[in-house]
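Letter by letter, the chains look like this.
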Amino acid sequence: MRKIVLTDINKLKMVEAEMPTIESSTDVLLKMKCIGVCGSDIHYYKTGRIGDQVVEYPFAVGHEGAAEVVRVGEDVKTLKTGDRVAIDPAMPCWECDQCKAGRPHTCRNLKFLGCPGQAEGCLSDYITMPEKSCFKIDDKLTYDHAALSEPLSVGLYAVKRSELKKGTTIGILGFGPIGMSVFFSAQSYNASKIYVTEKIEERISMAKKAGAVLTSNPKKENVVDKILSDIPESLDIVFECCGQQEALENAIDLLKPGGKLMLVGIPEFDFWQMDASKMRRKEITIINVRRQNECVEEALEMIASGKVNIDIMTTHRFSLEKTKEAFDMVADYKDGVMKAMIDFD
């Protein structure tokens with residue numbers, strides 16, 4: 001079977017690999033249909049690491065996937081051959097203190113697709129996954145919808161963690177796929193006003209069309225002044241979705257006393273710098289968001305019910321053979337790319 005692996009910084013190669021086998025009676029064998037290129041994939045592609053998770057070459061990334069079930073283990077109860085599924089890339093142990101406390105996303109023994117030291121990614125024709133990590137999709141949903149439920153579930157989890165209530169005013173700093181996922185989820189949870197900052201003009205246009213009350217480009221203007229001129233009382237919640245130091249500083253200035261700062265973006269650096277005086281005097285609550293927790297099914301329902309139009313997230317498509325072109329486009333933010341999808345058929 002075909003498999004795409006990282007071989008060095010900014011280098012990818014297609015190789016022939018052995019077909020995976022079902023090793024556990026609760027595993028399923030999946031034929032991949034499409035995947036979305038995620039920002040974390042690009043971190044590994046460009047730098048070979050995220051924090052202390054360092055790539056050992058060769059290594060396959062990829063975790064936003066949709067697939068068809070081609071074989072099931074003898075103890076699989078909920079899936080059968082031919083089912084179409086969305087893949088939750090997390091494979092918790094379900095036995096540790098975190099799993100038992102309802103936090104499988106911070107499982108002590110977690111295996112996550114495309115995460116160095118844990119599991120190879122889904123940039124291959126076939127993979128095996130535990131039954132619990134696969135969600136049969138509604139007939140209304142496409143394989144794209146299934147794959148995009150992964151970033152949408154991250155945005156949904158961030159909104160749930162923020163305890164956003166009807167009438168809340170929020171800021172989203174960085175309108176990439178995760179920022180857009182936060183946006184859709186916040187709309188679904190009846191946020192009052194949503195302000196967006198973003199450096200790429202095509203993404204600013206998408207935010208406007210999606211219903212942002214105000215957008216601002218930090219490369220062209222003072223985003224804090226512009227937003228606060230529209231809402232002098234400041235914002236209830238700000239979601240930092242781009243992993244940039246400048247955005248963090250803007251978030252602190254945009255928040256009202258008692259506000260919440262949601263750290264969703266993945267920075268390429270190791271340490272944030274924060275204004276201790278502003279943070280203390282405003283009594284700002286900082287909440288880190290680690291992927292998602294039990295949000296996949298709700299994300300799929302949001303798509304199926306029409307609450308969100310996730311189709312606008314996909315802007316570019318590539319064949320598996322052109323995976324490097326997809327990665328280079330996303331890495332360099334070319335052509336206004338929002339989400340690049342890779343097709344297997």
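One can find the structure itself at the top, above this paragraph.
Residues numbered from 1 in each chain as written. Predicted model: local features only at pLDDT ≥ 70, side-chain atom pairs only at ≥ 80, totals over all residues. Heavy atoms only, no water.

Draft legend 1. Summary view of the nonpolar core. By size, the foremost hydrophobic cluster in this structure holds 50 residues, and its most contacted members are Ile 172, Phe 183 and Phe 239. Of all the elements in the fold, those that place two or more residues in this core are α3 (143-162), β12 (169-173), α4 (177-188), β13 (193-197), α5 (201-210), β15 (235-240) and α9 (296-304). Considering every element that reaches this core, the biggest residue donor is α3, with nine residues. The contacts of Ile 172, once residues within four sequence positions are left out, are Gly 179, Val 182, Phe 183, Ile 194, Tyr 195, Val 196, Thr 197, Phe 239 and Cys 241. (Core = buried A, V, L, I, M, F, W, Y, C linked by side-chain atoms within 4.5 Å. Buried < 20%, exposed > 50% of the residue type's maximum accessible area, 1.4 Å probe, protein only. Helix = DSSP H or I, 4+ residues; strand = E, 2+ residues; numbered from the N terminus. Contact = heavy atoms within 4.5 Å.)

Draft legend 2. Highlighting empty space enclosed by the protein. If you walk through the whole model with that rule in mind, you get one cavity of 30 Å³ or more. The calculated volume of the largest cavity comes to roughly 40 Å³. The wall of the largest cavity is formed by Asp 88, Ala 90, His 105, Phe 112, Glu 150, Arg 291 and Gln 292. For the lining of the largest cavity, a count of residues per class yields two nonpolar, two polar and three charged. (1 Å grid on protein atoms, 1.4 Å probe; cavity = no way out; pocket = protein on both sides within 12 Å on 5 of 7 lines; lining within 4 Å. Points joined across faces, edges and corners; volume = space filled by probe spheres on them. Nonpolar A, V, L, I, M, F, W, Y, C, P; charged D, E, K, R; others polar.)

Draft legend 3. Geometry of the layout of surface pockets. Volume-wise, the second largest pocket comes out at about 750 Å³. Forming the walls of the second largest pocket are 28 residues, and the residues nearest its centre are Asp 27, Met 91, Thr 128, Met 129 and Pro 130. Top contributing element to the lining of the second largest pocket by residue count: strand β10 (residues 126-130), with five residues. Considering only residue class, the lining of the second largest pocket consists of 12 nonpolar, eight polar and eight charged.

Draft legend 4. Main features of the packing of α4 against α5. One way to put it is that α4 packs onto α5 with a least axis distance of 11 Å and a crossing angle of 10°. The angle between the axes of α4 and α5 places the two elements in the roughly parallel class. Taking contact as the criterion, the partners of Pro 177, Met 180, Phe 183 and Gln 187 in α4 are, on α5, Arg 203, Met 206, Ala 207 and Ala 210. Counted by class, the contact of α4 with α5 contains six nonpolar, one polar and one charged residues. (Axes fitted to C-alpha atoms, helices over the stretch in contact; angles between N-to-C directions. Parallel < 35°, antiparallel > 145°, perpendicular 65-115°, else oblique.)

Draft legend 5. The pairing of strand β6 (residues 64-72), seen in detail. With eight bridges connecting them, strand β3 (residues 27-36) and β6 associate as antiparallel partners. Looking across to β6, one finds that Met 32 is bridged to Ala 67. When β6 meets strand β7 (residues 84-87), the two strands line up antiparallel, connected through three bridges. Looking across to β7, one finds that Glu 68 is bridged to Arg 84. (Pairing = 2+ DSSP bridges.)

Draft legend 6. A look at the sheet that holds β12. The parallel open sheet is built from six strands, whose spatial order is β14-β13-β12-β15-β16-β17. Both outer strands of the open sheet, β14 (214-216) and β17 (285-288), are each paired with one neighbouring strand and no more. Averaged over all adjacent pairs, the angle separating strand axes in this sheet is 20°, with direction ignored. Where β12 meets β13, five bridges bridge the pair, whose relative direction is parallel.

Draft legend 7. Focus on unusual backbone geometry. Omega for the peptide link from Tyr 57 to Pro 58 comes to -10°, which places this bond in the cis form. Among the secondary structure elements, Pro 58 is positioned in the loop between β5 (53-54) and β6. One non-glycine residue, Trp 94, lies in positive phi territory at about 65°. Judged by its relative accessible area of 33%, Trp 94 falls in the partly exposed class. A positive phi angle, close to 50°, is found at Glu 283, a residue other than glycine. With respect to the element layout, Glu 283 can be found in the loop between α8 (276-282) and β17.

Draft legend 8. Local environment of the packing of aromatic side chains. Summed over all chains, the structure comprises four aromatic pairs. Ring plane angle 80° and centroid distance 5.3 Å describe the contact between Tyr 45 and Phe 327, whose orientation is recorded as edge-to-face. Remark: Phe 327 occurs in helix α10 (residues 323-331) and Tyr 45 occurs in helix α1 (residues 39-47); sequence separation between them is 282 residues. Measuring from centroid to centroid gives 6.4 Å for Phe 183 and Phe 184, while their planes differ by 80°, and the two rings are edge-to-face. Connected via pairs of aromatic rings, a cluster forms that spans Phe 175, Phe 183 and Phe 184. (Phe/Tyr/Trp six-rings, centres within 6.5 Å; stacked < 30°, edge-to-face > 60°.)

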